[in-house]
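Each chain, letter by letter, is given below.
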Amino acid sequence: MHKVKHEAATPGQADQGIFCDAYREFSPAILNYLRARDVEDPEGMTQEVFLALYPQLPEVHGGLKGIKSLAFSIAHARYVDEHRRRLKTPPTTGYDADADPRCCDSAEDQLLEAEGSAQVMALLGTLQHDQQEVIALRIVADLSVETTAEIMGKTPGAIKQLQRRALCRLRKLRPSLREEQS
């Protein structure tokens with residue numbers, strides 16, 4: 001068993017040798033303790049425990065036994081803090097657009113559903129060339145506004161405006177494509 005204060009350490013400063021010994025000796029057990037308590041990030045919390053332990057080492061008495069006691073006290077306190085945080089934080093789940101009943105078909109989907117491809121091509125043929133290009137890049141190729149703007153050499157605002165005008169024109173030509181008012 002090591003003494004906590006080595007002669008090489010200056011008063012108020014932790015001995016790195018003792019810290020390394022304590023880490024090698026106790027980190028696997030602390031990690032297992034935190035895993036058993038179902039901590040979200042047991043490896044990260046183990047590191048936090050030893051970061052909190054290090055500045056307290058010069059004040060610990062009882063050698064490695066005292067360090068072990070302090071290290072597990074810190075680990076338990078960190079576990080309790082995380083447990084309380086979890087209780088206060090509402091659970092989160094990922095968003096699944098396919099499972100969202102609030103979604104409705106877009107004007108583009110309605111158009112494709114309502115018309116055959118020859119009719120869709122004829123409708124798209126009524127649009128200005130830039131509007132056709134925006135619809136092709138944004139809807140068919142599923143590119144972002146920024147990427148479409150880059151390809152067409154326009155600003156993102158211009159792309160949004162062209163897309164809006166194209167969709168408005170298509171809605172006028174096909175009254176069944178009007179979006180439902182919510």
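In this text the structure is predicted, and so the values were computed from the model without any measurement.

Participant: Break down the overall build of the protein for me, citing the residues and quoting the values.
Facilitator: Tallying secondary structure elements over the protein gives 8 helices and 0 strands in all. Each helix and strand of the protein, placed in order from N terminus to C terminus, yields the pattern α-α-α-α-α-α-α-α. Counting every position in the protein, which comprises 182 residues, the buried fraction comes to 32%. A sequence separation of at least 24 residues applies to 56% of the contacts in the protein between residues at least 6 apart. Put simply, the protein shows about 12,400 Å² of open surface, and 52% of that area lies on carbon and sulfur atoms.

Participant: Tell me about unusual backbone geometry, residues and numbers included.
Facilitator: Positive phi values are uncommon outside glycine, yet D38 reaches one of about 60°. Its relative accessible area of 52% is what places D38 among the exposed residues.

Participant: I'd like to hear about the packing of aromatic side chains, residue by residue, with values.
Facilitator: Each aromatic ring pair is characterised by the separation of its centres together with the angle its planes make. Under the definition given, this model contains 4 aromatic pairs. Between Y33 and F72 the ring centres are 6.2 Å apart and the planes differ by 75°, which places this aromatic pair in the edge-to-face class. One end of the pair, Y33, is in helix α1 (residues 16–36); the other, F72, is in helix α3 (residues 63–88), with 39 residues separating them in the sequence. The class for Y33 is partly exposed, based on a relative accessible area of 23%.

Participant: Lay out the packing of helix α2 (residues 42–53) against α3 with the relevant residues and their values.
Facilitator: In the contact formed by α2 and α3, the axes pass within 9 Å of each other and the chain directions differ by 130°. Viewed along their axes, α2 and α3 adopt a mutual orientation that is oblique. Note on packing geometry: the crossing formed by α2 with α3 is right-handed. Across the interface between the two elements, M45, E48, V49, A52 and L53 from α2 touch I67, L70, A71, I74, A75, R78, Y79 and E82 from α3. Residue classes in the contact of α2 with α3 are distributed as 10 nonpolar, no polar and 3 charged.

Participant: Now, about the environment of V49: what can you tell me, with residues and values included?
Facilitator: Locating V49 in the fold gives a position in helix α2. In this structure V49 touches I30, A71, I74, A75 and R78, once residues within four positions along its chain are discounted.

Participant: For the pattern of salt bridges, give the residues involved together with the corresponding values.
Facilitator: Counted according to the given criterion, the structure contains 7 salt bridges. Ionic pairing is found between R78 and E48, a salt bridge with its closest N-O pair at 3.3 Å. Of the two residues, R78 sits in helix α3 while E48 sits in helix α2, which places them 30 residues apart along the sequence. Residue R78 is classed as partly exposed on the basis of its relative accessible area of 27%. E48 sits in the partly exposed class, given a relative accessible area of 37%. K154 is the salt-bridge partner of D130, the closest N and O atoms lying 3.4 Å from each other. In this pair, D130 is assigned in helix α6 (residues 129–140) and K154 in the loop between α7 (145–152) and α8 (156–173), connecting sequence segments 24 residues apart. The partly exposed category is assigned to D130, whose relative accessible area is 29%. Residues participating in the shared-partner salt-bridge network are E40, E82, R85 and R86.

Rules and cut-offs
- Residues numbered from 1 in each chain as written.
- Predicted model: local features only at pLDDT ≥ 70, side-chain atom pairs only at ≥ 80, totals over all residues.
- Heavy atoms only, no water.
- Helix = DSSP H or I, 4+ residues; strand = E, 2+ residues; numbered from the N terminus.
- Buried < 20%, exposed > 50% of the residue type's maximum accessible area, 1.4 Å probe, protein only.
- Contact = heavy atoms within 4.5 Å.
- Areas by Shrake-Rupley, 256 points an atom, 1.4 Å probe, with all protein chains shown as cover.
- Phe/Tyr/Trp six-rings, centres within 6.5 Å; stacked < 30°, edge-to-face > 60°.
- Axes fitted to C-alpha atoms, helices over the stretch in contact; angles between N-to-C directions.
- Parallel < 35°, antiparallel > 145°, perpendicular 65-115°, else oblique.
- Left-handed = near helix turned anticlockwise from the far one by under 90°.
- Nonpolar A, V, L, I, M, F, W, Y, C, P; charged D, E, K, R; others polar.
- Salt bridge = Lys/Arg side-chain N within 4 Å of Asp/Glu carboxyl O.

Coordinates in, geometry out; function isn't part of it.
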